[in-house]
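Summary of structural features
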Amino acid sequence: MAPNGEDMSPAGLGHTGRTQAEDGVGRASLTRDALANQLYLKTKPPSGTAFRPSQTMGRTSTLKSTGRLEPLTARRAPSVSAPAMGATQLSYETTVRSSAPARVGGSVTPAPLTPTGNASPSNGNASPSKPSPWPESEDDGYRYLTLLRWMVRNAADEERRVANALPPGPHGADEFVYLARLDRDPNDWQPYALGVREYHGVDRTDYYTMSAQGITHFLDGAQPEFITAERWELEVANYKKIKSLTVFRTYKKWKSWKLWRKSVMSAKMQRAASVLEKNLFVLDPVFAPTIDKVRDACRELSEKRLSKVRTGEVRTLGAFVDEVKEAREEMTEEFARFSAEQTATVSDACQRSLDAMEARLEEFYGDDLPSTDKMDRVSGHGSAGPSSPANPGRRSATGRISGPGSKRGGSEDAAQYAYTVAATRRTEQRRCLTFVKLMDYVMCDTMHDMLLDSVNDVLSATKQCEEDQFEMPKPPYRLHKPRLKVQASMKRMFRKITQENRRQSASKKVREAAKENQLMDTIKDRQMQARHEKEDDELNRFEPEFPVLPQFEVELAWDERASQTVFEPSFHDFQSEVEKTVKSFIDILAKVKRLPDDKALMSKMTDALEMEQSSGKGVDMADLAYTERWRELVRQVRRSLAFGFDTATRYKDNFDVFVNMKKKNAETSTSQIVENYKSGDLVIDNFRRDTITYLDQKKRMEAFYVDQNVGIVKIKSQRLQTALLPSPTAKLEELSKMLPGLAAEMFDKFIKEVHAGTNKLANPPKSAEDFMDVMRFCVDLRESTLERLGAQAEEVKALYDLINEFGFPIKEEDQAKFALLEDDFAMLETVLDESEGQQEDRIKQFAAEMIEAGKEVNQNLKDLAKAATDEMILDAEAPREQVLEFVEDLTSKVEAQQAEAKRIVKIQETFKVEPTEFESLKAVAEDVALKRSMWVSDKEFDGLVVTWAESVFDQIDVASMEEKVQKMGKLCVKLERGLQPNSVVPAFKAKVDAYKQLLPVISALGNDALLMRHWDKIQEIIGQPIVRDETFTLQKILDMKCPDHSDAISQVSVEATQERQLESQLEKIVKRWQDVSFAVTNYKESKDTFILGGLEEVFTALEDSMVTMTTILSSRFVAGIRTEVEKVEKNMNVFSDTLDEWLAVQKNWMYLESIFSAPDIQRQLPNESKQFFGVDKMYKDVMRKTRENDNAMRAATTPEYLEKFQKANETLDFIQKNLEEYLETKRMGFPRFYFLSNDELLEILAETKNVQAVQPHMSKCFDGIKSLDFGEDPKSVDIFAMFSAEGERVQLGKNLKARGNVEQWLTAVEAAMVAALKKQGKESYVSYAKEARTDWVRNQPAQIVIMVAQIYWCRGVIECLESENPVAAMEKYLEKNRSDLKDMTAVVREDLTRLHRKIIAALITIDVHARDIVEELWQEKVESVNDFKWQMQLRYYWDDKDDICLIRQTNTLFNYAYEYLGAQSRLVVTPMTDRCYMT
């Protein structure tokens, strides 16, 4: 075994595969040379090296003086069984069958090796063909250890042979091989990684040999080192363990990296130091002092600020603007001075540098230095050469320095010197220009830093703490604990009442004790008040953890126009000014004169500027300032200002309580309160409450703080206080004026009523009526008025007490009147008592007077009864006017006596004495009334007859005539019964009866329903023409003898009435349809497509109209209006037919519209689409017109509508038929579409490009698939997996896409489902035996769990039945089933997901049934697989040939369908279930 536990024996080179017996091939022998060949190939020797197994092994004879082992001749190959190697690439890893060689036929033979590829038969000594190189792994360099172990075992075998006197084996014990190092990576040192090499392929200076005894290392110049095999393997194992530690595994890498990095960094640092020494201005003696001076000036400048904003300095907006202006002017002057000084300093440094350069040139060239004019004539585009001032001379070959003084120069050198000098001057000018830019950048950077610091100062002032750290100050008024004050007030009030009671009722001793107690209570009150004040102080304490000092001062004022509080100036003004100030900082910096802008300075570097492509000015200062840091600071300033002002705005809400007081006071009308009080809606306590409220408002408004610091804002609210105070003050003034006036008014009203009552009772009554009035007044006073007056008196007192309580002014006159209130009220009570005492005497007095008056009335009635018997009244011949005058006089006298009698009785009832009897009063009154009505009615009827006779007949009110005639008839009956026989009543009755006979004819001719055709019939009846003009009067009708034809005329009138009723019903139908309209609504979300909405009203009207038409047509009086009726009936029939066709078109159109609006459907059904859109256009046009004219009758009876709708219905029916055929083709393409309704299938087909459209219908097409996994991209067409309703996800195959027709890719999904379940089933079948069942069940789909578990259960039962003792084996298997069930029960108690719980619950259900079957088989002692007890069960088998599951029951065989079922729950399987399966 290797140190890592891996079996490195020759048998351990393979992996599990089919055995020789399974493959049906012969065994091949693996020789020692073949094994070495494998190792050689595994270690990959250099390409091109010939390898001969016979050259890699040999016997070790002697160790020669050269220190090198020489190989001997190879011996015969051992008969070791090994896999044969074909021409194809095979896996050479095998499964360990035996770790030790087995003895076969007296010889030691290793166990056979089993390859995974196909082996070719061999006769026992086949040499393998050369395989491809083995795949590399981290153990590639240690494969030789396998050969080493084989050698050790072979040597031990040879020793046993020698010890047992057996012939030698096929291999000797002293064979060896050559090894070489396999260090592939110089950074990964592996001294034990070796590979087998042939003798000619090893490095003679460093190589190894390996034999059964161990390994020898040969190193040139050193003694060979021998290590035993056991020791070598131990060192290899220890090396691997050490190498597994991180520090040793990465040691070479990080050490090499650090060495390389250190070397590179050192070289770069040296180069950088050289460049810096040459180019740094700070090391230049000319520029270094200038740099220090400029830096000092910049440091001084950086301490200044562009604004004077400091934390804690409060300022108004005006002061802030003035400070900003002042700071801007100061900093402008400061920047001008700073710019001038630094420009002069830098200019001086540049001049000194140029002067030094000129001095070097003069020193080098002397008198030969070319002048500037001469150089101007020479084109100066050269560069400083070897003899430039930087390199003043160049050495010649002889070592002398050649310069301008050399005689070899001549005129040719003069031009060259001019170029050199010009180039040197340009170089120095460029260096000066670079220095100027550097100083300019330093200055700009300083100003930029000062800009940021200035903005930071503003930010620090406006943002003194984080937003979440800010604490809102207390409100601008003192907070109290109301509960404590109420308790204290209640206690004081209770003690005051108790003390008052004791003071009034107790003795002197008790009063003294009460006084002492009062003193103690006062002390306690003071202590409690002090405690309350302390608690209030604690409540009002404000000590923030992060205090914020105010920066800006604003005034809180009252905007009368907007009726709200406002800040002046507004926060917008503040924020605008601050932001403008911050942005103005850049404007100040932009005006600073920079070094490149100085013409005098830049004139010193003219040549360098000409060579520069740019002007040398660089980036503008404003552009430099607009950095992200500056923008961020400005944003923070803006945010901090907004937050600070927002907190002040929120704090302003604390003043809303006072603002609401003012608004409420403005809405309250004191005069209206007084009116409400007068009407009884309010009481005096309302005035007290309002007064206290106004006083409290005034007190609170005067007490709130006018100065309050809220964050960075200081709020001054003096102006708001001044604006608010007049509100409660004015209300108090109004009350002070109105309450005294109200009290005086109420007192005047009260005292007037008191005085009036007193006077009424004090004056004696002059008549019985006056006395009755006084009696009633006394009763009212005693029962209610006196109490009411007392309440008014109390109300007035309370009102005056309220006025005195708050000190409102009262007139002295009103005060004096109020003082007499109690005396005047007491006087009323006294007079009332006196009046009630005198009532008995006065009742007796006035009762006697009433008796005398009654006697007088009775005598008068006797006289009137006698006068009513005058003969003139009952004489028909008497003058009517004279009789009427007489009866009218009698009537007036009777009425007078009736009134007097009534008065007397009423007074007597009031006095509670016996009333006087007036026996003849009723009889006299009725007799006189009848006689009067007789004469009055007779005169009235005669007048009516004359009026009717002379009136135009059409203007006569027949109904009124009939009513009056009937009334006169009833009066005649009454007169006959009530009066004695006379000649007047019969004459009157005769006239009335005569007129009654004329009423039927008059009523018939006066019928409003009579039309010209009816009048024509009447003319035919009476035989005379009738001219209905102004002369056509009732008298003319009588003259025509119309009453003689009364029955015929009445019949014509009845016909007219009935026809009128029928016409009325017909008109109602027509009129009703004028108001019935179609409810036209928008179709879906479309604005120009409409449909008929609710038609309940239309159908109701249609049904009612058809019923009414049937009634009209069935009437016998319809003949006169039949034409009109038939016309209406025809319209109704057309309307009904059209509406039916219309609704049919609408229904079909709505169904097909969503279908044919899909482009996919239009493409697949072009002819039907064309026909549909023709109907669609017609229908939309009709609906558009209907919407414009929505009257139902007019729309539905429009010409050609009926024919259009009928034709459209035929077309839509044809389209639907073709659509059904189209859907049938789709269902035939994917039969699972039969599970979907037409609408659902069309919904899918209408969105073939939207693969997600199929998701809602997957559960209907597939029993277990709820949806497909298309990935996170909603537009993806890749299908990755399927989901069950329980959330189970099963991966589908690769490259499954939803492309093409939906039925095609759904068919592909179906196939992928089956393939995925087959693959999963096979994998689960294989892994079931390798994993613990409790772990295996968690990694498989629910359906596969049930299937594979059943397969293995079935296999277990079959193995039991095929064993030698089936019953005993079945008993053991029963225990295993119970154990598995127990394990699953334990798992289900664990913390599982909902899905896993369902899976395990289903498996337990199946396991319980399986256990029951095994138990039954054991109990029944079933011993054969052919027993019916076993054959009747539902059995699962695995077909190794096709890798599918088979299901058997009795003699029936089914292939498992692999239809995905999801993680559905399983019902308990009972014997009845098994029988159901069988049948």
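Residues numbered from 1 in each chain as written. Predicted model: local features only at pLDDT ≥ 70, side-chain atom pairs only at ≥ 80, totals over all residues. Heavy atoms only, no water.

**Notes on the overall build of the chain**
Test applied: Secondary structure elements are defined from DSSP: runs of H or I of at least 4 residues count as helices, runs of E of at least 2 residues count as strands, and each element is numbered from the N terminus. In what follows, residue pairs with any heavy atoms lying within 4.5 Å of each other are defined as contacts. Here the accessible surface of atoms and residues is derived via Shrake-Rupley with a 1.4 Å probe, and residues count as covered only by protein chains that are part of the display.
On a plain count of helices and strands, the chain comes out with 50 helices and 24 strands. In the chain, of all internal contacts separated by at least 6 residues, the share reaching a separation of at least 24 is 73%. Accessible surface computed for the chain: about 82100 Å², of which carbon and sulfur atoms make up 51%.

**Comments concerning the environment of leucine 1139**
Under the convention used in this document: Each residue gets one of three labels from its accessible area relative to the maximum for its type: buried under 20%, exposed over 50%, partly exposed in between, using a 1.4 Å probe on protein chains only.
Its place among the elements puts leucine 1139 in helix H37 (residues 1122-1156). Judged by its relative accessible area of 0%, leucine 1139 falls in the buried class. Residues leucine 1139 and tyrosine 1201, 62 residues apart in the sequence, show an inter-C-alpha distance of 9.7 Å. Once residues within four sequence positions are removed from consideration, leucine 1139 is found in contact with Phe1078, Val1098 and Phe1099.

**A word on the nonpolar core**
Where we set the bar: Side-chain atoms within 4.5 Å link the members of a nonpolar core, which is a set of buried Ala, Val, Leu, Ile, Met, Phe, Trp, Tyr and Cys residues.
Of all hydrophobic cores here, the largest spans 116 residues; its most connected members are Trp1073, Phe1078, Phe1135, Trp1305 and Met1347. Of all the elements, H37 adds the most residues to this core, at eleven residues. Every residue in contact with phenylalanine 1078, bar those within four places of it in the chain, is listed here: Leu1092, Leu1095, Val1098, Phe1135, Leu1139, Trp1142, Thr1186, Asp1190, Ala1192, Ala1195 and Ala1196. Membership of the second largest hydrophobic core comes to 86 residues, among which are Val324, Phe335, Leu354 and Leu595.

**Looking at the packing of helix H46 (residues 1342-1361) against helix H47 (residues 1366-1388)**
Here is the rule we go by: Lines fitted to C-alpha atoms define the axes, with helix axes restricted to the stretch in contact, and inter-axis angles between N-to-C directions lie between 0 and 180 degrees. An angle below 35 degrees is read as roughly parallel, one above 145 as roughly antiparallel, one from 65 to 115 as roughly perpendicular, and any other as oblique. Gly counts as polar in this scheme, as do all residues outside two lists: the nonpolar Ala, Val, Leu, Ile, Met, Phe, Trp, Tyr, Cys and Pro, and the charged Asp, Glu, Lys and Arg.
Between H46 and H47, the least distance of the axes is 8 Å, while the angle of their chain directions is 155°. Taken together, the axes of H46 and H47 are roughly antiparallel relative to one another. For the pair formed by H46 and H47, the contact residues are Tyr1352, Trp1353, Gly1356, Val1357, Cys1360 and Leu1361 on the first element and Pro1366, Ala1369, Met1370, Tyr1373 and Asn1377 on the second. Across the contact of H46 with H47, the residue classes break down as nine nonpolar, two polar and no charged.

**Overview of the sheet that holds strand E15 (residues 707-710)**
The following threshold applies: Between any two strands, pairing holds if DSSP finds at least two bridges.
Overall, mixed pairing links the four strands, which are arranged E14-E13-E16-E15 in an open sheet. If you trace the sheet from one side to the other, it starts and ends with strand E14 (564-568) and E15, each paired once. Neighbouring strand axes in the sheet, compared pairwise and without regard to direction, differ in orientation by 30° on average. Bridge count for E15 against strand E16 (residues 713-716) is four bridges, and the pairing is antiparallel. Its bridge partner lying in E16, valine 710 is registered against valine 713. Sitting on the sheet, helix H14 (residues 571-590) is in contact with strand E13 (552-559), E14 and E16, with an inclination near 150° to E13.

**As for unusual backbone geometry**
The omega torsion of the bond from glutamate 568 to proline 569 falls at -10°, within 30 degrees of zero and hence cis. Summarising the element assignment, proline 569 is placed in the loop between E14 and H14. A positive phi is found at lysine 1421, a non-glycine position, where the angle reads about 55°. Mapped onto the elements, lysine 1421 comes out in the loop between helix H48 (1394-1419) and helix H49 (1428-1431). Accessibility expressed as a relative area gives 55% for lysine 1421, which makes it exposed. Positioned with a positive phi, threonine 1450 is a non-glycine residue whose angle comes to about 55°. Structurally, threonine 1450 can be placed in the loop between strand E23 (1444-1449) and strand E24 (1452-1455). Looking at threonine 1450, the relative accessible area reads 24%, which means it is partly exposed.

**Some points on the pairing of strand E9 (residues 214-219)**
Summarising burial for E9: five of the six residues are buried, a large majority. By the bridge criterion, five bridges tie strand E8 (residues 206-211) to E9 in an arrangement that is antiparallel. Bridged to methionine 210 within E9 is isoleucine 215. Count of turn residues in the E8/E9 antiparallel hairpin: two residues. As paired strands, E9 and strand E10 (residues 225-228) are joined by four bridges and run antiparallel to one another. Bridge assignment links glycine 214 to a residue of E10, and that residue is threonine 228. Joining the antiparallel neighbours E9 and E10 is a turn of five residues, in which glycine 221 adopts a positive phi near 85°.

**A look at the packing of helix H41 (residues 1201-1229) against helix H42 (residues 1238-1245)**
Contact pair H41 / H42: the axes reach a minimum separation of 11 Å and the direction vectors enclose 75°. Considered as vectors, H41 and H42 are oriented roughly perpendicular to each other. Two secondary-structure elements touch here, H41 through Leu1219, Glu1220, Tyr1222, Leu1223, Lys1226 and Arg1227 and H42 through Asn1238, Leu1241, Leu1242 and Leu1245. Considered class by class, the residues forming the contact of H41 with H42 number six nonpolar, one polar and three charged.

**Points about the confidence of the model for the chain**
Stated precisely, the cut-off is as follows: In predicted models, pLDDT denotes the confidence assigned by the predictor to each residue on a 0 to 100 scale.
Put simply, the chain has an average pLDDT of 77, and 83% of its residues get 70 or more. Note that pLDDT drops below 50 for residues 373-410; the model gives that stretch 51 contacts with residues more than four away or on any other chain.

**Focus on the pattern of salt bridges**
Note the following rule: A side-chain nitrogen of Lys or Arg and a carboxyl oxygen of Asp or Glu constitute a salt bridge if their distance falls within 4 Å.
Per the counting criterion, the structure on display carries 55 salt bridges. The shortest N-O distance in the salt bridge between aspartate 646 and arginine 650 comes to 3.1 Å. You can see aspartate 646 and its partner arginine 650 sitting in helix H18 (residues 628-652), four residues apart, about one turn around the helix. The class of aspartate 646 is partly exposed, set by a relative accessible area of 37%. On the accessibility criterion, arginine 650 (38% relative accessible area) is partly exposed. Close ionic contact of glutamate 1303 with lysine 1226 constitutes a salt bridge, the shortest N to O distance being 3.0 Å. On the criterion of sequence distance, the pair formed by glutamate 1303 in helix H44 (residues 1302-1328) and lysine 1226 in helix H41 is long-range, its members being 77 residues apart. Three or more residues are tied together by salt bridges with common partners; here these are Asp157, Arg160 and Arg161.

**Regarding a negative patch on the surface**
Rules: Residues enter a patch when their relative accessible area is above 30% and they make no salt bridge; the linking distance is 9 Å between like charges and 5 Å between nonpolar side chains (Val, Leu, Ile, Met, Phe, Trp, Tyr). His residues and chain termini do not enter the charge count, which takes Lys and Arg as positive and Asp and Glu as negative. For the purpose of locating charges, the reference atoms are NZ of Lys, CZ of Arg, CG of Asp and CD of Glu.
A surface patch of negative charge is lined by Asp870, Glu871, Asp875 and Glu877. Residue position: glutamate 871 is located in the loop between helix H27 (839-867) and helix H28 (880-910). For glutamate 871, a relative accessible area of 69% puts it in the exposed group.

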